[in-house]
Amino acid sequence: MAPIRIDRADDSRIAAFRDVRERDLVGRLGLFVAEGAVVLRSLVAPTSLCDIEAVLIDERRQAALADVETVLAGRAPVYSASQGLLDEIAGFPLHRGILAMGRVPPSVGLDAAVGRGPTTVLVISGVGNHDNMGALMRNAAAFGVDAVVLDDGCCDPFYRKALRVAVGATFALPIVRGGPIRDLLGDLQARAVETLALSPSGRESLKTLKVSARRALVVGAEGPGLPADVLAGIRSVRIDMRAGFDSLNVATSAAIALHGLTLTDS
C-alpha cells in the first residue's frame, strides 16, 4: 500500500507529529517519537518489544523504505510529505526525514526479567542525561544484557534523543522501572542475583573479578556516582587506569565492565 500523502501541516491525521520538541517536554501519554531510518528499522524489527502507531517520512525516502512499508502494511499507517512540510510539521529542520510514533511498553516485572537461570542485568541509578541513557541502552544490547533496571531517579529511555543515541537498541530490551535504588538492590539480592557496583574507588579490579552467573552491574549518575551507603553495602568494582586518572564517562565505563563480565562466561 502506497504511503498516504499529506499536504497540510494541520492535517488531523498527523497531529501527534506536530511540534516535536515542545511535545518532548510535556510527554505523549504513553507514546514516543523515534527519528531516522536506523531507529525506525529497529522499531519494526522482530526483536522489538514496542508497538508502532504511525510513520511520517520525506516523500523522497519512499523508495529506500519500501521494505519497511511492506512490513507495516496492515499494522500502522505511513504518511509522506515534502521536506519543507515535514519541517513545518515537526517544528525544526528534520534532516533525517523520518519520524515514527511508537507506544512505550509496560514495565517488566523483576521476576520475569531475572528468571531462574544465568542472567546479566544492568541497573541504572540517577542517570538524568539522555545521551548517557541512550549510550547505556546501546551498550546493554551490544553485550547481551537480559534486562535493564531503572531506579526512580532516571530519565526516560524513550525520549527522542535517547532513542537516537541508542540507535533503537532500547526497543529490544526488557526494562524494569522501579523505585529507590536501595529497594531495587534488595529485591535483586532476594532473587539470588549478585550485585556489583561500578566505581572508580571500587575495592576489586575488573581484571581479576569472578562473579556469579546471576549478576547485576550497578552504575550511577556521572559526577556524583552511587550513594556512599550503596557502595558500602555491595561489592564494588573498578576499572584500572593509569596513575592520576580515575574517571570515565558512565556509558564507557559500563561498556568496559559489561565486556569484562561477559568474558567471564567464555
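Since the structure is predicted, the reported quantities are computational estimates derived from the model, not experimental observations. (Residues numbered from 1 in each chain as written. Predicted model: local features only at pLDDT ≥ 70, side-chain atom pairs only at ≥ 80, totals over all residues. Heavy atoms only, no water.)

A. Representation of the environment of Tyr-79 in the model. Along the chain, Tyr-79 falls in strand 4 (residues 78-81). A relative accessible area of 8% means that Tyr-79 is categorised as buried. For the pair formed by Tyr-79 and Arg-164, sequence separation is 85 residues and the distance between their alpha carbons is 21 Å. Not counting residues within four places of it along the chain, the set of residues in contact with Tyr-79 comprises Ile-4, Ile-6, Arg-13, Ile-14, Ala-54, Val-55, Leu-56 and Ile-57. (Helix = DSSP H or I, 4+ residues; strand = E, 2+ residues; numbered from the N terminus. Buried < 20%, exposed > 50% of the residue type's maximum accessible area, 1.4 Å probe, protein only. Contact = heavy atoms within 4.5 Å.)

B. Representation of the nonpolar core within the structure. Membership of the largest hydrophobic core comes to 50 residues, with the highest contact counts inside it found for Leu-40, Ile-52, Ile-124, Phe-171 and Val-219. When near neighbours in sequence (up to four residues on either side) are disregarded, Phe-171 contacts Phe-32, Ala-34, Val-39, Ser-42, Leu-43, Thr-47, Ser-48, Leu-49, Cys-50, Phe-158 and Leu-163. (Core = buried A, V, L, I, M, F, W, Y, C linked by side-chain atoms within 4.5 Å.)

C. How the structure looks around the sheet that holds strand 4. Read across the sheet, five strands follow the order 1-4-3-5-2 without closing on themselves; strand pairing throughout is mixed. Every interior strand has two partners, whereas the edge strands, strand 1 (4-5) and strand 2 (31-35), have only one. By the bridge criterion, two bridges tie strand 1 to strand 4 in an arrangement that is parallel. Among the inter-strand pairings, Arg-5 is bridged to a residue of strand 4, identified as Ser-80. Packing of helix 4 (residues 83-90) onto the sheet brings it into contact with strand 3 (51-58), strand 4 and strand 5 (98-103), and relative to strand 3 it is tilted by some 130°. (Pairing = 2+ DSSP bridges. Axes fitted to C-alpha atoms, helices over the stretch in contact; angles between N-to-C directions.)

D. Spotlight on the pattern of salt bridges. Per the stated rule, a full pass over the model turns up 18 salt bridges. One salt bridge in this structure joins Arg-5 and Asp-7, with 3.0 Å as the shortest N-O distance. Asp-7 sits in the exposed class, given a relative accessible area of 57%. For Asp-67, the salt bridge identified is with Arg-41, shortest N-O distance 2.6 Å. Taken as a pair, Asp-67 in helix 3 (residues 66-72) and Arg-41 in helix 2 (residues 37-44) lie far apart in primary sequence, 26 residues in all. (Salt bridge = Lys/Arg side-chain N within 4 Å of Asp/Glu carboxyl O.)

E. Expanded view of the packing of aromatic side chains. On inspection of all chains with the given rule, the structure shows two aromatic pairs. Seen in terms of ring centroids, Phe-32 and Phe-158 are 5.3 Å apart; in terms of plane orientation they differ by 35°. Their pairing is tilted. Residue Phe-32 is located in strand 2, and its partner Phe-158 is located in the loop between strand 7 (147-150) and helix 7 (160-165); the two are separated by 126 residues in the primary sequence. Note on Phe-32 and Phe-171: the rings are 5.4 Å apart at their centroids and 20° apart in plane angle, and the pair reads as stacked. Linking Phe-32 in strand 2 with Phe-171 in the loop between helix 7 and strand 8 (175-177), this pair joins segments that are 139 residues apart in sequence. Across this residue pair, the class does not change: Phe-32 and Phe-171 are buried. Here the aromatic cluster, defined as three or more aromatic residues joined through ring pairs, consists of Phe-32, Phe-158 and Phe-171. (Phe/Tyr/Trp six-rings, centres within 6.5 Å; stacked < 30°, edge-to-face > 60°.)

F. Here's a closer look at helix 6 (residues 130-142). With 13 residues, helix 6 should cover 18 Å at 1.5 Å per step; its first-to-last C-alpha distance of 18 Å lies within 8% of that length. On the buried face of helix 6, the contacting elements are strand 6 (119-125), strand 7, helix 7, strand 8, strand 11 (214-220) and helix 10 (250-263). Between the side-chain oxygen of the N-cap and the backbone nitrogen of Asp-131 there are 2.9 Å, and the N-cap of helix 6 in question is Asn-129. Positioned one or two residues after helix 6, Gly-144 has a phi angle of 75°, which is positive. (Expected span 1.5 Å × (residues − 1). Polar contact = N/O pair within 3.5 Å; in protein donor to acceptor, adjacent residues only side chain to side chain.)

G. Up close: the pairing of strand 9 (residues 194-198). The buried fraction of strand 9 is high, at four of five residues. In the sheet, strand 9 pairs with strand 11 via four bridges, with the strands oriented parallel. Opposite Leu-196, over in strand 11, you have Leu-217 as the bridge partner.

H. Representation of unusual backbone geometry within the structure. One non-glycine residue, Asp-19, lies in the positive phi region at around 50°. On the secondary structure map, Asp-19 appears in the loop between strand 1 and helix 1 (20-26). One non-glycine residue with positive phi stands out, namely Ala-192, at about 60°. Among the structural elements, Ala-192 can be located in the loop between helix 8 (181-190) and strand 9.

I. Local environment of the side chain of Gln-83. Along the chain, Gln-83 turns up in helix 4. Look at Gln-83 and you get buried, because its relative accessible area is 18%. A distance of 3.3 Å separates polar atoms of two side chains, one belonging to Gln-83 and the other to Arg-60.

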